[in-house]
2 protein chains.
Amino acid sequence: MHNLTIDSDRLWRTILETSAFGATPDGGIRRLTLSPEDRQVRDWFRAQCEAIGCSVKVDTVGNMFATRPGRNEHALPIAMGSHLDTQPTGGKFDGVLGVLAGLEVLRTLHDADFETEHPLMLINWTNEEGARFAPAMLGSGVHAGVFDQAFADSRTDADDISFAEAIEKIGYRGETPLGETRFAAMFELHIEQGPVLEQEGLDIGIVTGVQAMRWYDLVITGQEAHAGSTPMDMRCDGLADAAAIILGTQAIARRLGGMATTGQLSIAAPSRNVVPGKLTMSLDLRHVTDTGLDVLEIEVADLIQKQCGDRAVLQTIWNSPAVYFNATCTETVRHAAEKLGASRREIVSGAGHDSVYISRVVPTAMIFIPCKEGLSHNHAESAEKTHCGLGAQILLEAVTSYLPCSEGKLISSS
Amino acid sequence: MHNLTIDSDRLWRTILETSAFGATPDGGIRRLTLSPEDRQVRDWFRAQCEAIGCSVKVDTVGNMFATRPGRNEHALPIAMGSHLDTQPTGGKFDGVLGVLAGLEVLRTLHDADFETEHPLMLINWTNEEGARFAPAMLGSGVHAGVFDQAFADSRTDADDISFAEAIEKIGYRGETPLGETRFAAMFELHIEQGPVLEQEGLDIGIVTGVQAMRWYDLVITGQEAHAGSTPMDMRCDGLADAAAIILGTQAIARRLGGMATTGQLSIAAPSRNVVPGKLTMSLDLRHVTDTGLDVLEIEVADLIQKQCGDRAVLQTIWNSPAVYFNATCTETVRHAAEKLGASRREIVSGAGHDSVYISRVVPTAMIFIPCKEGLSHNHAESAEKTHCGLGAQILLEAVTSYLPCSEGKLISSS
């Protein structure tokens with residue numbers, strides 16, 4: 001038992017302080033993974049952790065692990081983790097809150113000179129967003145053994161720069177071998193990125209799992225032709241196909257209670273008086289259950305076949321099954337929320353998070369706080385200072401009260 | 001009267017020869033205006049004209065005028081003209097045929113040592129395509145007084161390079177002042193760029209006019225949001241709006257017997273797991289009559305208003321009214337086609353051409369030949385050698401038989 005209280009003013013100041021790395025004129029952040037701005041925030045993160053007595057290790061895909069020693073040197077650390085990279089139109093909270101709230105927890109313990117039984121660990125996962133290098137959650141995926149080093153290194157961005165090249169350039173190819181860093185459990189605090197908590201007037205979401213989601217690339221081959229002299233009914237217009245597929249897919253997703261998004265669309269040789277020929281677009285499908293996502297995929301594939309026949313190729317580039325978080329971890333979060341008198345509900349995340357992959361290898365859970373109008377991946381992304389502070393306090397309660405002993409096998413025998 | 005015959009083999013060889021400037025692996029041409037490839041073909045064109053005794057002048061927007069002297073030094077030249085620039089996915093014939101057939105006419109006259117009454121002129125107009133610098137038909141438009149020098153110079157390409165910068169870079173800012181070069185009439189030979197002549201098994205189209213056409217930029221402002229946690233019915237998806245507008249606009253165009261094309265579409269901050277916010281797209285509307293185009297525009301604007309309300313801004317960037325070519329010129333083409341026994345029909349061009357602007361200042365007409373499957377603005381663009389030769393022969397007949405005397409005011413008093 002303890003009566004430690006995090007400093008929500010300091011947490012808020014820290015959020016504002018780091019928002020300078022990649023700040024956009026309208027108050028957002030553009031801090032693409034492994035960019036110069038990402039290096040700035042990484043350097044800052046390392047310095048802050050070392051200043052409160054943590055040792056910081058970096059693995060070979062750039063994941064950063066800050067460890068605060070505990071009383072039991074044989075015990076595996078209890079971890080807090082999220083990510084400091086952002087979308088091109090990112091805000092101040094997505095991922096950032098989880099890392100900085102973890103830092104606030106460590107600072108609070110440091111100021112109180114409080115010693116935990118287990119060591120504590122704070123993790124900054126590389127490339128959670130997937131905006132510069134697809135797929136998303138790459139660093140946590142590599143840690144969990146979902147991807148390997150070569151796969152990560154071979155990812156390329158829109159300018160054809162590889163992940164390997166980018167990580168060397170910012171100097172964050174660490175020396176800690178993949179998988180060498182172990183921890184007993186991980187808790188991730190995050191903004192909801194959806195409107196449910198705000199609309200229901202609740203403080204905290206106890207996240208029981210994550211939607212199933214799949215990413216696809218769709219290549220449509222039409223026939224380029226003159227826009228003025230090719231009769232409408234003799235065209236093979238790739239963009240008209242894409243438009244029908246976008247609207248049709250969204251209608252299917254609505255009907256099945258899933259989600260469908262096309263965020264990227266690129267005409268191969270765009271010209272305003274040429275009927276578009278070849279075209280590439282992304283497709284992101286999600287559903288709360290794996291079966292629901294399977295049905296959604298089948299109907300969408302059928303729609304594409306009907307619209308384009310052999311002229312379209314749909315390729316799955318990423319698949320993330322539905323996730324159910326560890327019951328002991330979610331129970332720990334629930335107890336912390338109860339203890340603090342936070343209004344709360346169970347919730348399924350519609351977004352992917354590093355916790356998805358980490359939950360495959362150690363007990364994991366997430367804590368959500370509301371964000372304004374459910375907005376994220378948007379410069380206007382916003383969260384209340386009191387909610388951030390409450391989330392950080394629950395994170396502190398969780399990592400100091402979680403008992404990995406209840407899953408005895410997780411205690412390291414050293 | 002004469003019995004001059006153009007050399008269709010030489011014309012064909014010349015078409016193949018110049019197709020090397022900007023050749024693509026699949027047999028097409030990518031020769032964007034004022035590019036290094038455009039400079040190559042311009043240098044070649046000047047040398048070929050000078051080799052047969054023509055003098056070549058270049059005006060301040062890069063239009064090239066090759067003049068072959070006639071018996072009457074006081075008479076204005078009779079011109080042949082088209083363009084040597086291509087679309088990004090251009091073929092060997094669009095524009096190129098009209099210039100090279102004109103060269104073949106001049107070569108034929110030169111070989112026969114044939115002296116015409118009027119001087120003849122062959123023109124290569126700058127930036128007909130509008131693919132690198134919008135709007136299209138820029139050089140002929142400047143010549144006709146539709147645009148001025150400053151407007152042309154201020155056009156920018158996708159890399160923000162200005163027309164002024166590009167023309168200086170390739171050394172084709174000529175010294176001939178705009179408007180100093182005069183001619184009595186212009187004939188332009190062109191591939192149809194549509195399927196009508198081929199489908200009807202005809203050799204020649206006597207072009208009586210050109211469709212009305214307008215270009216627009218449409219900017220849609222949606223709201224960027226997370227693709228996984230923003231419920232479908234709480235989204236403001238700019239791309240879904242665009243898809244509905246593209247399909248709706250095409251349906252309206254079909255119903256009204258017009259044409260609608262979106263050839264460019266760009267999401268401002270594309271990311272595969274972000275609902276698109278701001279988006280820009282082009283719109284190209286055409287109709288055979290000005291009134292028909294007005295109605296089409298009104299219905300499309302109404303559709304956009306219904307879909308997006310104040311979130312969409314539609315801006316007209318170019319307007320080209322329906323064109324009716326000079327009756328004496330089209331009659332000259334008809335007589336030439338009859339004399340040669342070519343199967344023929346009257347036709348309205350669906351595409352814009354330099355002749356649209358030139359017809360505003362001097363009598364003008366066009367000659368169409370069929371092209372394979374009506375394809376153009378496509379690497380697979382193709383035309384028959386015999387049709388090319390027949391078109392060139394009609395061009396020769398037209399420029400040697402046209403009597404500007406019938407429009408006495410056009411004879412220069414020097």
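Residues numbered from 1 in each chain as written. Chains lettered and ligands numbered in written order. Predicted model: local features only at pLDDT ≥ 70, side-chain atom pairs only at ≥ 80, totals over all residues.

We now examine the overall build of chain A. A tally of helices and strands in chain A yields 12 helices and 16 strands. Taking 2.2 N^0.38 as the reference for a compact globule, 414 residues should give roughly 22 Å; the C-alpha atoms of chain A span a radius of gyration of 23 Å, in line with that estimate. Principal-axis analysis of the C-alpha atoms gives chain A an extent of 80 × 45 × 45 Å. Burial statistics for chain A: of 414 residues in total, 57% are counted as buried. Contacts in chain A between residues far apart in sequence, at least 24 positions, make up 78% of those at least 6 positions apart. (Helix = DSSP H or I, 4+ residues; strand = E, 2+ residues; numbered from the N terminus. Rg over C-alpha atoms; globule rule 2.2 N^0.38 Å. Buried ≥ 20, exposed ≤ 12 C-beta atoms within 10 Å, placed from the backbone. Contact = placed C-beta atoms within 7 Å.)

In terms of nonpolar packing, the biggest core is built from 236 residues, with L395 of chain A together with L395 of chain B touching the most fellow members. Not counting residues up to four positions away in its chain, the partners in contact with L395 of chain B are M80, A101, G102, V105, F187, L189 and I367 of chain B. (Core = buried A, V, L, I, M, F, W, Y, C linked by C-beta atoms within 7 Å.)

Time to look at the interface of chain B and chain A. One widely used convention gives an interface's size as the accessible area the parts lose upon coming together. At the junction of the two partners, chain B supplies 59 residues and chain A supplies 59 residues. For the side of chain B that touches chain A, the secondary-structure elements that each account for two or more residues are β7 (212-221), β8 (225-226), α8 (238-256), β9 (259-261), β10 (265-267), β11 (274-275) and β12 (278-287) of chain B. In terms of residue count, the dominant contributor to the side of chain B that touches chain A is α8 of chain B (9 residues). The class makeup of the residues in the side of chain B that touches chain A is 28 nonpolar, 25 polar and 6 charged. (Nonpolar A, V, L, I, M, F, W, Y, C, P; charged D, E, K, R; others polar.)

Here the second copy of the chain follows from the first by a rotation about an axis and a shift along it. For the pair chain B and chain A, the superposition axis carries a translation of 0.0 Å, the fit reaches an RMSD of 0.0 Å, and the rotation angle comes to 180 degrees. Both chain copies can therefore be described as sitting about a two-fold axis. Identified as the residue of chain B closest to the rotation axis by C-alpha distance is A243 of chain B, at 2.1 Å. (Least-squares fit on C-alpha atoms with pLDDT ≥ 70 in both.)

Residue and element names in this part refer to chain A. One can read the domain layout of chain A as domain 1 (8-210 + 322-410) and domain 2 (212-320). Domain 1 and domain 2 are separated by 34 Å when their C-alpha centres are compared. In this complex, domain 1 contributes 7 residues to the contact, which on the side of domain 2 involves 11 residues. Class assignment for the residues of the side of domain 1 that touches domain 2 results in 5 nonpolar, 2 polar and no charged. (Domains from an automatic or database assignment.)

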